[in-house]
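Notes for the structure review
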Amino acid sequence: MIILLGAPGSGKGTQSRLLAQRDGFKVFALGEILRSEIANSTHYGKTIEASIKKGEFAPLEIVISLLKQHVMHKDFVLDGFPRNMSQVFEFEKFIHENSSIDFDKSVKVIDFIVPCEILCDRLKNRRLCKVCDGALLCEAKECNFCGHYSEDAYMRDDDCNCESVARRLEIFHQEKDLLIEHYSKKGIYHAVDATQQVEEVYAEVKSIIA
Ligand code: ADP
Ligand code: MG
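In short, a report on the structure. (Residues numbered from 1 in each chain as written. Chains lettered and ligands numbered in written order. Predicted model: local features only at pLDDT ≥ 70, side-chain atom pairs only at ≥ 80, totals over all residues. Heavy atoms only, no water.)

**Points about helix α5 (residues 85-98)**
Its 14 residues place the ends of α5 20 Å apart at the C-alpha level, agreeing with the 20 Å of an ideal helix rising 1.5 Å per residue. Where α5 is concerned, the buried positions are Met85, Gln87, Val88, Phe91, Glu92, Phe94 and Ile95. Residues of α5 that are buried make contact with β1 (2-6), α4 (60-67), β3 (76-79), α6 (103-106) and α9 (162-186). (Helix = DSSP H or I, 4+ residues; strand = E, 2+ residues; numbered from the N terminus. Expected span 1.5 Å × (residues − 1). Buried < 20%, exposed > 50% of the residue type's maximum accessible area, 1.4 Å probe, protein only. Contact = heavy atoms within 4.5 Å.)

Below, the structure written as structure tokens:
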């Protein structure tokens, strides 16, 4: 199991899609699940929308309840979860109670390191494919995941809003040191320079999980 721990805009979605397409990983992308709860106006949709608009995390009970709808296997990539220590504790409890995964032996945590200025640029310029929701690379004429033309790509609501972008980056930076410390103690923390080209980042990820 791989936990991708990186700031918004660091490339988690891009790399988890590559791991799914090329290596058969299943992806638990919490942000995408939350956004689809909003789009489908589910029971949780309104509450989630209120938090996400402000750039804050969705309530822990909702996150855990969504997590429980998924069976976690070893071949999972977790994109954007867990993000703070309460989510970390709930998640590890969940794995312990619901799977045979030996957390410290079979989980690798990969942190994508990107300086703040580059993150802001990437989020402001992020466009998503209308067909597969994959993030398009700047200037790309077509989606690098499904090949659809990029002309009708769209922007995420929370990327359009500068305050929300700033708040997401701020919250990420508040929480990340505790997560790094937690995973480093377990000996499962790996940092990758994610300012590199997509393929170079992918190659590093592969060498970590090899
Ligand atoms: P996250 O899921 O971590 O928020 P994304 O995968 O959506 O990040 O990537 C954010 C933006 O940065 C997207 O527009 C994506 O195309 C772009 N991007 C991702 N990885 C790289 C990279 N290695 N170099 C340049 N741009 C990248
Ligand atoms: Mg993402």
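**Quick look at the side chain of Arg126**
Tracing the backbone shows Arg126 in the loop between α7 (116-125) and α8 (157-160). Here Arg126 falls in the buried class, since its relative accessible area comes to 17%. One polar contact links Arg126 to Asp159, side chain to side chain, over a distance of 2.8 Å. Contacts of Arg126, omitting those with residues within four sequence positions, involve Gly9, Ala135, Tyr154, Met155, Arg156, Asp159 and Arg168. (Polar contact = N/O pair within 3.5 Å; in protein donor to acceptor, adjacent residues only side chain to side chain.)

**Quick look at the site of ligand 1**
Contacts to ligand 1 come from 17 residues, most closely from Gly9, Lys12, Thr14, Arg126 and Gln196. Taking Gly9, its main chain carries an N or O atom lying 2.8 Å from an oxygen atom of ligand 1. At 2.6 Å from an oxygen atom of ligand 1 is found a side-chain nitrogen or oxygen belonging to Arg126. When the free accessible area of ligand 1 is taken as 550 Å², the share hidden by the protein chains comes to 86%. Residue composition of the shell around ligand 1, by class: 7 nonpolar, 7 polar and 3 charged. (Near = heavy atom within 4 Å. Areas by Shrake-Rupley, 256 points an atom, 1.4 Å probe, with all protein chains shown as cover. Nonpolar A, V, L, I, M, F, W, Y, C, P; charged D, E, K, R; others polar.)

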